[in-house]
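Geometric and topological summary
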Amino acid sequence: DVKVTQSSRYLVKRTGEKVFLECVQDMDHENMFWYRQDPGLGLRLIYFSYDVKMKEKGDIPEGYSVSREKKERFSLILESASTNQTSMYLCASSLLDRPSNYGYTFGSGTRLTVV
Amino acid sequence: AQTVTQSQPEMSVQEAETVTLSCTYDTSESDYYLFWYKQPPSRQMILVIRQEAYKQQNATENRFSVNFQKAAKSFSLKISDSQLGDAAMYFCASGSARQLTFGSGTQLTVLP
């Protein structure tokens, strides 16, 4: 069974802490994504990557950075966590050019609370 | 930039009845895809149905079907014979393998 695994289901961090959210996929997908999900706003794209060591900003990159050192792993970093970053974070992956067959595969999300 | 609009934040349907969830989108792309995803309380996003924009025929998957109106940029989801397990948040999305834009979601309640 193919999978996108997010390292933590729930996370509580203090304001100002550096936070790492990890995502690993076992499907050999080229594309990986980090979304933020908030009530009434749907999913908003933070960063994405089409290849190892490659990253591009999404719609709301401020306050975040990412790292993709290996094809299967895509990390989201909150350099200095703030309370307005309290949210649900979803990781997803997809094959390079086959959305019609596979769409995106999502992880089960990390609910981050910054206090 | 792409936008996806779901104008119904909440919907409810009686078990065994039919319900339609609305979605409109705007894109400048000529080649794109449309999706409906379901997110139950477990939070796992599940692909419900997909549609290639270049295909005129509406996609169907068992009890789920879409009404795709390309000129109107409308992509509604019809759920027939609703079941309690259909209760979830439903997201419409537009884009490609390289970028998907999501709507704000519709929370569907199924009444027994």
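Up top you'll find the structure we're talking about.
Residues numbered from 1 in each chain as written. Chains lettered and ligands numbered in written order. Predicted model: local features only at pLDDT ≥ 70, side-chain atom pairs only at ≥ 80, totals over all residues. Heavy atoms only, no water.

Bringing the overall build of chain B into the picture now. Looking only at helices and strands, one finds 0 helices and 12 strands in chain B. Scaling as 2.2 N^0.38, a compact globule of 112 residues should have a C-alpha radius of gyration of about 13 Å, and chain B matches this with 13 Å. Its C-alpha atoms put chain B at 40 × 25 × 20 Å along the principal axes. Per-residue burial over chain B gives 49% buried out of 112 residues. By sequence separation, contacts in chain B at least 24 residues apart represent 53% of the contacts at least 6 residues apart. (Helix = DSSP H or I, 4+ residues; strand = E, 2+ residues; numbered from the N terminus. Rg over C-alpha atoms; globule rule 2.2 N^0.38 Å. Buried < 20%, exposed > 50% of the residue type's maximum accessible area, 1.4 Å probe, protein only. Contact = heavy atoms within 4.5 Å.)

Before going further, it helps to spend a moment on the packing of aromatic side chains. For the coordinates displayed, the defined rule picks out 15 aromatic pairs over all chains. Judged by centre distance (5.1 Å) and plane angle (45°), the ring pair of Phe48(A) and Tyr50(A) falls under tilted. When sorted by exposure, Phe48(A) lands in the same class as Tyr50(A), which is buried. The ring of Tyr10(A) is capped by Arg43(B), whose NZ or CZ atom sits 5.0 Å from the centre of that ring. (Phe/Tyr/Trp six-rings, centres within 6.5 Å; stacked < 30°, edge-to-face > 60°. Lys NZ or Arg CZ within 6 Å of the ring centre and 35° of its normal.)

We now examine the pattern of salt bridges. Should their charged atoms come close, side chains of opposite charge can pair. According to the stated counting rule, one finds 9 salt bridges over all chains in the structure shown. A salt bridge links Glu79(A) to Lys18(A); its shortest N-O distance comes to 3.6 Å. Here Glu79(A), found in the loop between strand S9 (73-78) and strand S10 (87-94), pairs with Lys18(A), found in the loop between strand S2 (10-13) and strand S3 (19-21); they are 61 residues apart in sequence, far enough to count as distant. Judged by relative accessible area, Glu79(A) falls into the partly exposed class, the value being 41%. Using a relative accessible area of 46% as the deciding quantity, one classes Lys18(A) as partly exposed. A salt bridge links Glu52(B) to Lys55(B); its shortest N-O distance comes to 3.8 Å. Residue class for Glu52(B) comes out buried when judged on its relative accessible area of 12%. Via salt bridges that share partners, Arg36(A), Asp38(A) and Arg44(A) belong to a single interconnected network. (Salt bridge = Lys/Arg side-chain N within 4 Å of Asp/Glu carboxyl O.)

We note that Lys53(A) has phi near 65°; this positive angle belongs to a residue other than glycine. Note that Lys53(A) resides in the loop between strand S6 (42-49) and strand S7 (56-57). Despite not being glycine, Lys73(B) has its phi angle at roughly 55°, a positive value. Structurally, Lys73(B) is set in the loop between strand S8 (64-69) and strand S9 (74-79). When its relative accessible area of 25% is taken as the criterion, Lys73(B) is described as partly exposed.

Residue and element names in this part refer to chain A. Inspection of the sheet shows strand S8 (residues 64-70) paired to S9 by 5 bridges, in the antiparallel sense. Bridge pairing links Tyr64 to Leu78 in S9. With antiparallel pairing between neighbouring strands as the criterion, S8 and S9 make up a hairpin whose turn holds 2 residues. (Pairing = 2+ DSSP bridges.)

All names here are of chain B. Bridging between strand S7 (residues 60-61) and S8 involves 2 bridges; their strand directions are antiparallel. Paired with Thr60 across the bridge in S8 is Ser65. Remark: 2 residues form the turn of the hairpin made by S7 and S8, two consecutive strands paired antiparallel; Asn62 in that turn has positive phi of roughly 55°. In the sheet, S8 pairs with S9 via 6 bridges, with the strands oriented antiparallel.

This part is about the nonpolar core. Judged by nonpolar contacts, the single largest core of 24 residues is most densely connected at Trp36(B), Phe75(B), Leu77(B) and Tyr90(B). Going through the elements one at a time, strand S3 (19-21), strand S5 (33-39), strand S6 (46-52), S8, S9, strand S10 (88-95) and strand S12 (106-111) of chain B are the ones with two or more residues in this core. (Core = buried A, V, L, I, M, F, W, Y, C linked by side-chain atoms within 4.5 Å.)

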